[in-house]
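A structural walkthrough
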Amino acid sequence: DAGVIQSPRHEVTEMGQEVTLRCKPISGHNSLFWYRQTMMRGLELLIYFNNNVPIDDSGMPEDRFSAKMPNASFSTLKIQPSEPRDSAVYFCASSPQGAQTDTQYFGPGTRLTVL
Amino acid sequence: DQQVKQNSPSLSVQEGRISILNCDYTNSMFDYFLWYKKYPAEGPTFLISISSIKDKNEDGRFTVFLNKSAKHLSLHIVPSQPGDSAVYFCAASVSYNAGNMLTFGGGTRLMVKP
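Each chain carries its own residue numbering, running from 1 in the written order of its sequence. Whichever chain is written first becomes A and whichever ligand is written first becomes 1, with later ones labelled in order. Local features are withheld for residues below a pLDDT of 70 in this predicted model, meaning they are given only at 70 or higher, and side-chain atom pairs are given and counted only at 80 or more; totals for whole chains, interfaces and linings count all residues. To get the side-chain values, take all heavy atoms of the structure and skip hydrogens and water.

Description of the packing of aromatic side chains
For this analysis, a ring pair means two rings from Phe, Tyr or Trp (six-membered ring only for Trp) whose centres lie within 6.5 Å, classed as stacked if their planes differ by under 30 degrees, edge-to-face if by over 60, and tilted for the remaining angles. If you walk through the whole model with that rule in mind, you get 12 aromatic pairs over all chains. Between Phe91(A) and Phe106(A), the aromatic rings sit 6.2 Å apart at their centres with planes inclined by 80°, giving edge-to-face as the arrangement. Linking Phe91(A) in strand 9 (residues 88-95) with Phe106(A) in strand 10 (residues 105-106), this pair joins segments that are 15 residues apart in sequence. Grouping residues by exposure puts Phe91(A) and Phe106(A) together as buried. Between Phe89(B) and Phe104(B), the aromatic rings sit 6.2 Å apart at their centres with planes inclined by 90°, giving edge-to-face as the arrangement. With Phe89(B) in strand 9 (residues 86-93) and Phe104(B) in strand 10 (residues 103-104), this residue pair connects regions lying 15 residues apart in the sequence. The numbering of helices and of strands both runs from the N terminus, where a helix is a DSSP run of H or I of at least 4 residues and a strand a run of E of at least 2. The cut-offs for exposure are 20% and 50% of the maximum accessible area for each residue type, with area from a 1.4 Å probe on protein chains only; residues under the lower value are buried, those over the upper are exposed, and the others partly exposed.

See below:
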């Protein structure tokens, strides 16, 4: 079975450019999460969707960040405009129902470098 | 303010010995705890979990201990193997939150030497 798919795996862009990260959750999973990993702050939850609806976006750092989930099989995280401090690895994860004991399955991540 | 802390950024252990990874938390509302393991260039993968109604959970070579009064949990790996070399994240969640949102610690890099 395919796991969580993220694209691109690596992205290098210049400050001020728009960046779009993509995620395809595991089929049948109802919950989707976007995380950011940095050396300073570890793994931070950015936003959580359940049944395609954003439930908690309190982790989204600034208005420059936005996320959408137009359907059950696709989500995007957009940064516009990007800044060097946005450089990090961004992970998408999905889980079956969003129950507390549900395991979250992570994608391989997108390594973003903003020059 | 980090609610979940892993104070040791790295740990080095000899193959065959015990690895003990520690995690502290500050939010007394956390009632479900997990450990994830991460290899380079991969996403984290679930390893083991424990509910706050228990103080120990065991799965093969991996055991998680929870001390609620101290707000501390630990992961024991016995015996340690070179393939266990990875970054280990502890995470916690609160049952009253919508869904299973996790708060992660900063991670501990475990190196198991052959």
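A short note on the sheet that holds strand 1 (residues 5-7) of chain A
All names here are of chain A. Pairing between strands is defined by DSSP: at least two bridges between the two strands are required. With antiparallel pairing, four strands are arranged side by side in an open sheet as 1-3-8-7. Two strands bound the open sheet, and with one partner strand each, they are strand 1 and strand 7 (65-71). Within the sheet, the average angular offset between the axes of one strand and its neighbour, ignoring direction, is 15°. Inspection of the sheet shows strand 3 (residues 19-24) paired to strand 8 (residues 74-79) by five bridges, in the antiparallel sense. When the sheet's bridge partners are listed, Leu21 is paired in strand 8 with Leu77. Whenever a helix is involved, its axis is fitted only over the stretch in contact; in every case the axis is a line through C-alpha atoms, and angles between N-to-C directions fall within 0 to 180 degrees.

Examining the interface of chain A and chain B
Any pair of residues with heavy atoms lying within 4.5 Å of one another is described as a contacting pair. The partner chain B presents 22 residues to the 23 residues of chain A that form the contact. When chain A packs against chain B, close to 1,700 Å² is buried across both sides, 58% of that on carbon and sulfur atoms. Two parts placed together each lose some accessible area under a 1.4 Å probe, and the buried area is that loss summed for both. Counting the surface chain A buries against chain B, the share from its top three residues, Leu43(A), Gln100(A) and Phe106(A), is 36%. The term salt bridge refers to a pairing of a side-chain nitrogen on Lys or Arg with a carboxyl oxygen on Asp or Glu at a separation within 4 Å. At the junction of chain A with chain B, the criterion picks out zero salt bridges. Between N or O atoms, a polar contact is any pair within 3.5 Å; within protein, one atom must be a potential hydrogen donor and the other a potential acceptor, and residues adjacent in sequence are included only when both atoms are from side chains. Linking chain A with chain B are four residue pairs in polar contact (both at pLDDT 80 or more), by the criterion used here. The set of elements that each furnish at least two residues to the side of chain A that touches chain B consists of strand 4 (31-38), strand 5 (42-50), strand 6 (53-56) and strand 9 of chain A. Each residue is assigned to one of three groups, with Ala, Val, Leu, Ile, Met, Phe, Trp, Tyr, Cys and Pro labelled nonpolar, Asp, Glu, Lys and Arg labelled charged, and all others, Gly among them, labelled polar. Across the side of chain A that touches chain B, the residue classes tally to 10 nonpolar, nine polar and four charged.

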